[in-house]
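Analysis of the macromolecular model
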Amino acid sequence: MSKIILITGASSGIGEATARVLAANGHVVVLGARRTERLAQITAEIRANGGVADYRALDVADRDDVKAFVAFAHERFGRIDVIFNNAGVMPVSPMNALKTDEWDRIIDINIKGVLNGIAAVLPIMEAQGSGQVINTASTGAHAVGAQFGVYCASKYAVRAITEGLRQEMTSVRVTLISPGVTESELGHDISVDSTATDVKQLRSIALETGAIANAVLYAISQPDDVDVNEMIVRSVRSAGHSF
Ligand SMILES: NC(=O)c1ccc[n+]([C@@H]2O[C@H](COP(=O)([O-])OP(=O)(O)OC[C@H]3O[C@@H](n4cnc5c(N)ncnc54)[C@H](OP(=O)(O)O)[C@@H]3O)[C@@H](O)[C@H]2O)c1
């Protein structure tokens, strides 16, 4: 059955790949992110391949903007079956570099962005009597690494929020996906050179984004009474690493 699926952070990486895979599997996708020229191009390519897609500018850190994004999709397609709260940033750094503005950005986007997504869809999904919230955490929600403290804190928070929501919901499915290192633009904004070099090295074990997109498709495709609550997806090359 075709579902109406909202994807935050759909302008690159995991969100973009997921939009393409879900649309290719017959779902209707609504893409959100700040870089609208990218969204326009991805949407046009999905449509050219026979898919149904639309997009809207979105800043997940802005609660009213997230509400407006959800309202846009609801008005356009009549229901919201799934929200994939995927937008995130990773400007990691050693704690004593005191990158306090970057700490704030991580908290505003990775934690509050997910909460804003949940708040915007929950009344609609509860009124429908169905829906699915899928949140992107990370293997960094299961283990902490040096220089990743604030980022991991944000992902531990997403994991806790997701499990809390799951325990409360009777008609809405709740899924946490924790990718290991995955090829994407994540970390492009790391401002400490030595940290950027460390993260670049980690990329040698990166998964392709399609692996995460397929996991999201799997969680969405299960029968209505099957709630895939948690998935960790790593490259087989990650042996010896927590990430
Ligand atoms: N790649 C990995 O190794 C990995 C591992 C574990 C978890 N993750 C998680 O996977 C998710 C997706 O990241 P990615 O790896 O695909 O990286 P990416 O290529 O950098 O994608 C991040 C997406 O988030 C969007 N975004 C950032 N800030 C936003 C905001 N304020 N409002 C709306 N959208 C915003 C970006 O779009 P705009 O800049 O256009 O807004 C972009 O579309 C993140 O939550 C990340 O933490 C990634």
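Please refer to the structure placed before this passage.
Definitions and cut-offs
- Residues numbered from 1 in each chain as written.
- Predicted model: local features only at pLDDT ≥ 70, side-chain atom pairs only at ≥ 80, totals over all residues.
- Heavy atoms only, no water.
- Near = heavy atom within 4 Å.
- Polar contact = N/O pair within 3.5 Å; in protein donor to acceptor, adjacent residues only side chain to side chain.
- Areas by Shrake-Rupley, 256 points an atom, 1.4 Å probe, with all protein chains shown as cover.
- Helix = DSSP H or I, 4+ residues; strand = E, 2+ residues; numbered from the N terminus.
- Nonpolar A, V, L, I, M, F, W, Y, C, P; charged D, E, K, R; others polar.
- Contact = heavy atoms within 4.5 Å.

Around the ligand there are 30 residues in total, and Ile 14, Arg 34, Tyr 151, Thr 182 and Ser 184 lie nearest to it. Between the ligand and Val 60, the relevant distance is 2.9 Å, taken from a nitrogen atom to a main-chain nitrogen or oxygen of the residue. Lys 155 places a side-chain nitrogen or oxygen 2.9 Å from an oxygen atom of the ligand. Expressed as a share of its isolated accessible area of 880 Å², the protein-covered part of the ligand is 96%. Elements supplying a minimum of two residues to the shell around the ligand: α1 (13–24) and α5 (149–168). Split by residue class, the shell around the ligand holds 13 nonpolar, 11 polar and 6 charged.

Okay, the side chain of Gln 132 next. When you line up the elements, Gln 132 lands in strand β5 (residues 131–136). Here the side chain of Gln 132 touches Thr 175 through a polar contact of 3.1 Å, side chain to side chain. If we skip the residues at most four places from it in the chain, Gln 132 touches Asp 81, Val 82, Ile 83, Met 125, Val 172, Arg 173, Thr 175, Ala 219 and Ile 220.

As for its placement among the helices and strands, Thr 195 is situated in helix α6 (residues 193–202). For Thr 195 and Pro 94, which are 101 residues apart along the polypeptide, the C-alpha to C-alpha distance reads 7.8 Å. When sequence neighbours within four positions are dropped, the list of residues in contact with Thr 195 reads Val 92, Ser 93, Pro 94, Gln 147 and Ile 190.

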